[in-house]
Amino acid sequence: MIKEKAGDEMTWKKCFPAKTQPTKEQIAAFIDNPLWIQFNDYLQQAYEVEPKYSYSGCSMQAGWNIKYVKSGKSLCTLYPMEGYFISLVVIGKKEMASAEELMPLVSPYVQKVFTGAKVGQGQKWLMLDMKEVAVLEDTLKLIALRQEPQHQIEWRINNDED
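Residues numbered from 1 in each chain as written. Predicted model: local features only at pLDDT ≥ 70, side-chain atom pairs only at ≥ 80, totals over all residues. Heavy atoms only, no water.

Go over the overall build of the protein chain, please, and point to the residues and values.
In terms of helices and strands, the protein chain carries six helices and six strands. Secondary structure of the protein chain in N-to-C order comes out as α-α-α-β-β-β-β-α-α-β-β-α. Burial status across the protein chain gives 46% buried among its 162 residues. A total of about 8,900 Å² of accessible surface is found on the protein chain, and carbon and sulfur atoms cover 50% of it. (Helix = DSSP H or I, 4+ residues; strand = E, 2+ residues; numbered from the N terminus. Buried < 20%, exposed > 50% of the residue type's maximum accessible area, 1.4 Å probe, protein only. Areas by Shrake-Rupley, 256 points an atom, 1.4 Å probe, with all protein chains shown as cover.)

Give a description of the environment of Ser107 that names residues and reports values.
One can find Ser107 in the loop between helix 4 (93–102) and helix 5 (108–116). Excluding anything up to four places from it in sequence, Ser107 contacts Val135 and Asp138. (Contact = heavy atoms within 4.5 Å.)

So what's going on with the layout of surface pockets? Which residues, and what values?
Gaps between atoms show up when a probe of the same size as a water molecule is rolled over them. The volume enclosed by the largest pocket comes to roughly 240 Å³. In terms of lining residues, the largest pocket is bounded by 13 residues, among which Lys24, Trp36, Asn40, Gln44 and Tyr53 are the most central. Counting residues per element, the lining of the largest pocket draws most heavily on helix 3 (residues 34–47), which supplies five residues. Here the residues of the lining of the largest pocket sort into eight nonpolar, two polar and three charged. Each pocket or cavity is described by its volume, and for the second largest pocket that value is around 210 Å³. Forming the walls of the second largest pocket are 17 residues, and the residues nearest its centre are Lys67, Thr77, Tyr79, Leu88 and Trp125. Where the lining of the second largest pocket is concerned, the elements lending two or more residues are strand 2 (63–70), strand 3 (73–81), strand 4 (84–91) and strand 6 (123–130). With five residues, the single largest contributor to the lining of the second largest pocket is strand 3. Of the residues in the lining of the second largest pocket, the class split is eleven nonpolar, five polar and one charged. (1 Å grid on protein atoms, 1.4 Å probe; cavity = no way out; pocket = protein on both sides within 12 Å on 5 of 7 lines; lining within 4 Å. Points joined across faces, edges and corners; volume = space filled by probe spheres on them. Nonpolar A, V, L, I, M, F, W, Y, C, P; charged D, E, K, R; others polar.)

Go over the pattern of salt bridges with me, naming the residues and quoting the values.
Counted according to the given criterion, the structure contains three salt bridges. In this structure, Glu95 and Lys73 form a salt bridge, with 3.9 Å as the shortest nitrogen-oxygen distance. In this pair, Glu95 is assigned in helix 4 and Lys73 in strand 3, connecting sequence segments 22 residues apart. Among the ionic pairs, Lys141 bridges to Asp138, the shortest N-O distance being 3.9 Å. One end of the pair, Lys141, and the other, Asp138, are both in helix 6 (residues 133–146), three residues apart, so they sit about a helical turn from each other. For Lys141, a relative accessible area of 39% gives the class partly exposed. (Salt bridge = Lys/Arg side-chain N within 4 Å of Asp/Glu carboxyl O.)

Describe unusual backbone geometry, and please don't skip the residues or the numbers.
In this structure, Asp32 takes a positive phi of about 50 degrees despite not being glycine. With respect to the helices, strands and loops of the structure, Asp32 is situated in the loop between helix 2 (24–31) and helix 3. Exposure remark for Asp32: the relative accessible area of 56% places this residue in the exposed category. The backbone of Ser71 sits at a positive phi, close to 55 degrees, despite the residue not being glycine. The topology assignment puts Ser71 in the loop between strand 2 and strand 3.

Shown next, in the form of structure tokens:
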């Protein structure tokens, strides 16, 4: 469908400029990774939220993204990439101590991203590449620090790699 060699961000932005909002099917086809659907399904069921599509000109990750917000609090923002997606989770002042306590229990990759993230206004912005089940599970733990899920959903990815 949308396979070019111009690089993930350029391809995504070129296929879906600001005036062309992608459908959820087009996003899933571009990402082409089973983690995408299961992660979104989990967020929607556990938090009773619907995704909000938004176009950003932000130089950090420009293009269409998907935001999950509950009770006025951002849970995460998802950025489609070819073959995977990025989840931005902001760890605020209130969650920082709990996140630091959680770090020895998460994957080395998430630990590295957390340690490498600069603190600005008491927050850390974690841009996590969602390529592995362990990273998704760690991301859900970080999101739960921001907002406890309303429902406990049995979480296990159907993926032969794990």
